[in-house]
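# Observations on chain architecture
Listed below, chain by chain, are the residues.
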Amino acid sequence: MSFSDIVTLAPFVAAVLVAAAIIVVDFIAPGRKVPALAVTFIGLALVAALTVVTGQTSSTAFNGAYVVDPLTTFLDMLFVAIVALTVAFAPDYLEQRTLPVAEFNAVLVFAMSGAMLLAGSADLLVLFLGLELMVLPGYVLAGYHKSDGFSTEGAIKYFLLGSFSSAIFLFGLAFVWGMTGTTNIAAVAAYMGQVNSGALPLTPGLGMGLAFMTTGVAFKIAAVPFHYWTPDAYQGSPTPVTGYLSVGPKVGAFALIIRLFAGALGDLAIDWTMVFMVLAALTMTLGNLVALQQDNVKRMLAYSSIAHTGYMLVGFAAFGAGNIRGMEGLLYYGAAYAFMNLGAFAVVAALQKRPGITSNLTTFAGLVRREPALAWLLTLFLLSLTGIPPTAGFFGKFYVILAAIEAGQTSTYGGWMTALAVLTMLNAAAAAFYYLRVVVYMFMRDPGEELPTLRHGRLVWTGLAVSTVLTIVLGLFPNVLLTIVGNAAAVFAG
């Protein structure tokens, strides 16, 4: 390992060291949240700074197994922001249930390091290592409330199906390695280029490998019909964990999809684009239809998360059809969705600060009378998730739909891609019902019982303020982020 390798990997190494430092601080000052939080936020700031510095120039490490480019930098910064907001939202909820804050932060940062490794992977084995380093801490977080049976049940389901999907993905990776003779993504891409040109055949073994890898990543992003673990895992997890699981691993899994399909398998786009179009249509439609039937807000947001996966897949399908705007829309949507969904879950967690309070719709009845600030903030986040202008959610949906329409006009998929864009708009309209239903309960229903107003910590309000500002700013001034995601998407412009 050379010095240049260490410099290239500096953000990832720093993330691992920050997680270790949190554990050490907890040994020195056990049970004290302030030192652990201080180390966490300082460490995340250091990781962000190193990410910006190393991202100034493109570079590789370990003979091309890891790459730093604009896409890596964008995704790493997004992962840091997601973890920072989760750390801000969690302590109030965890302390009321006597759950340790330091351990939570350490596990969360370890998960972030795996996502960062995914973002810069240029080798299939590194891709798999990053995936496992990201999802294994997620199993721990899902079962973090060990005395809660629902949390344990959700964690077991998440672990079993997650392990199963990882095995499927690894099996497919082995097929691809056996057929191509390499795990280097650039070399695999060169091989697939020869397959696309007809110089080499698309063998049954290679086809099996592609099918297994597609199935594995579909599990990770909770695409229909591989979504069954999501509602139970999300509902059973502690609410701050649910917020993280709905965005962190999802964005990380899309980083995997981008590196694998756009990078290694880009020349076979004609073979996998239709698969992603079907997954997008099924995922957003079923997610919204089942969300319409939910009376539990936490579970409703879980099915909503599945639907948003479908919207993001629309952008990737448009990219596969030859429109680079699809990749830009996917990246923009990932960032916008992260901030507005974390904000929504943060409000739910704040209302559940007192143990025993459920996330049923009745809990939100008359919320504007006892917690007006939280009611208005949740309304903003729900409107953004619906896609109402001028929020970030509106522009995210607009951009992926526009990309699909343009792809339909210029690609061989024609009417199919246009139909997918129309289906996306219909799904967005249907989603308005269950999002606005919560707003109706908050503003137009009398509370079932009078609950005293809760005091929320400064970190919660700070995190909510950041999420609110980003949700509004990215909607009013989308060009702030479009330039960044444009540079990131340009990595695959060819």
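My aim in this report is to walk through the structure given alongside it, one point at a time. (Residues numbered from 1 in each chain as written. Predicted model: local features only at pLDDT ≥ 70, side-chain atom pairs only at ≥ 80, totals over all residues. Heavy atoms only, no water.)

## Focus: the side chain of D26
As a reminder of what qualifies: Numbering of helices and strands runs from the N terminus; a helix is a DSSP stretch of H or I covering at least four residues, while a strand is a stretch of E covering at least two. Using a 1.4 Å probe on the protein chains alone, a residue whose accessible area is under 20% of its type maximum counts as buried, one over 50% counts as exposed, and one in between counts as partly exposed. Counting rule applied: Lys, Arg positive; Asp, Glu negative; His and chain ends not counted. The term salt bridge refers to a pairing of a side-chain nitrogen on Lys or Arg with a carboxyl oxygen on Asp or Glu at a separation within 4 Å. Whether two residues are in contact is decided by their heavy atoms, any of which lying within 4.5 Å being enough.
Secondary-structure assignment places D26 in helix α2 (residues 10-28). The side chain of D26 is buried and forms no salt bridge, while R32, the nearest opposite charge, is found at 9.1 Å. Those residues in contact with D26 that lie beyond four places of it in its chain are G31, A102 and E103.

## Concerning the packing of aromatic side chains
Given two aromatic rings, one states the distance between the centres and the angle between the planes to describe the pair. So the rule is basically this: Here the aromatic set is Phe, Tyr and Trp, taking the six-membered ring for Trp, and pairing holds for ring centres within 6.5 Å; pairs whose planes are under 30 degrees apart are stacked, those over 60 apart are edge-to-face, and all others are tilted.
Enumeration according to the criterion identifies 25 aromatic pairs in this entry. Ring centres of Y158 and W229 lie 4.8 Å apart, and the angle between their planes is 10 degrees; this geometry places the pair in the stacked category. Remark: W229 occurs in helix α10 (residues 229-236) and Y158 occurs in helix α7 (residues 149-180); sequence separation between them is 71 residues. The pair formed by Y158 and W229 is uniform in burial state, with each residue classed as buried. Relative to F398, the ring of F395 lies with its centre 5.7 Å away and its plane at 45 degrees, an arrangement referred to as tilted. Note that F395 and F398 are positioned in helix α17 (residues 392-410) at a spacing of 3 residues, about one turn of the helix. A relative accessible area of 14% means that F395 is categorised as buried. You can call F398 partly exposed: its relative accessible area is 39%. Following the ring pairs from residue to residue traces out a cluster consisting of F261, W272, F276, F316, F319 and F492.

## Describing the pattern of salt bridges
A complete count under the given rule lists 7 salt bridges for this structure. Across the pair K157 and E153 runs a salt bridge, and its minimum N-O distance is 3.0 Å. Residue K157 and its partner E153 are located together in helix α7, separated by 4 residues, close to a single helical turn. Given a relative accessible area of 30%, K157 falls into the partly exposed group. Assessed through its relative accessible area of 36%, E153 is described here as partly exposed. E406 is the partner of R325 in a salt bridge, and the nearest nitrogen-oxygen pair spans 3.2 Å.

## Comments concerning helix α16 (residues 372-386)
The α-helix advances 3.6 residues per turn, and as a result positions three or four apart in sequence lie on the same side. Our working rule: Expected helix span is given by 1.5 Å per residue-to-residue step, counting one fewer step than there are residues.
The end-to-end C-alpha distance of α16, which contains 15 residues, comes to 21 Å, matching closely the 21 Å that a straight helix rising 1.5 Å per residue would cover. Counting buried positions along α16 gives 11 out of 15 residues, so the element sits mostly inside the fold. For α16, the set of buried residues is L374, A375, L377, L378, T379, L380, F381, L382, S384, L385 and T386. Check the buried side of α16 and you find it contacts α13 (297-320), α14 (324-351), α15 (367-370), α17, α18 (415-444) and α19 (458-476). Trailing α16 by a residue or two, G387 shows a phi angle of about 105 degrees, which is positive.

## Thoughts on the environment of A211
Mapped onto the secondary structure, A211 falls in helix α9 (residues 204-220). Residues A211 and F150, spaced 61 residues apart in sequence, show a C-alpha to C-alpha distance of 33 Å.

## Observations regarding empty space enclosed by the protein
The cut-off we apply is this: Using a 1 Å grid laid over the protein atoms alone, points where a 1.4 Å probe fits but cannot get out form a cavity; open sets with protein on both sides within 12 Å along at least 5 of 7 lines form a pocket; any residue with an atom within 4 Å of a point counts as lining. Grid points are joined across faces, edges and corners, and a volume is the space filled by probe spheres set on the points. In this count, Pro and Cys sit with the nonpolar residues alongside Ala, Val, Leu, Ile, Met, Phe, Trp and Tyr, while Asp, Glu, Lys and Arg are called charged and the others, Gly among them, polar.
The tally for this structure, following the rule as stated, stands at 9 cavities of 30 Å³ or more. If you add up the space inside the largest cavity, you get close to 90 Å³. If you go around the largest cavity, the residues you meet are M134, V135, Y139, Y158, L161, G162, S165, F219, K220, W229, P249 and A253. Mapped by element, the contributors of at least two residues to the lining of the largest cavity are α6 (124-142), α7, α9 and α11 (239-264). Per element, the largest residue contribution to the lining of the largest cavity is 4 residues, and it comes from α7. Counted by class, the lining of the largest cavity contains 9 nonpolar, 2 polar and 1 charged residues.

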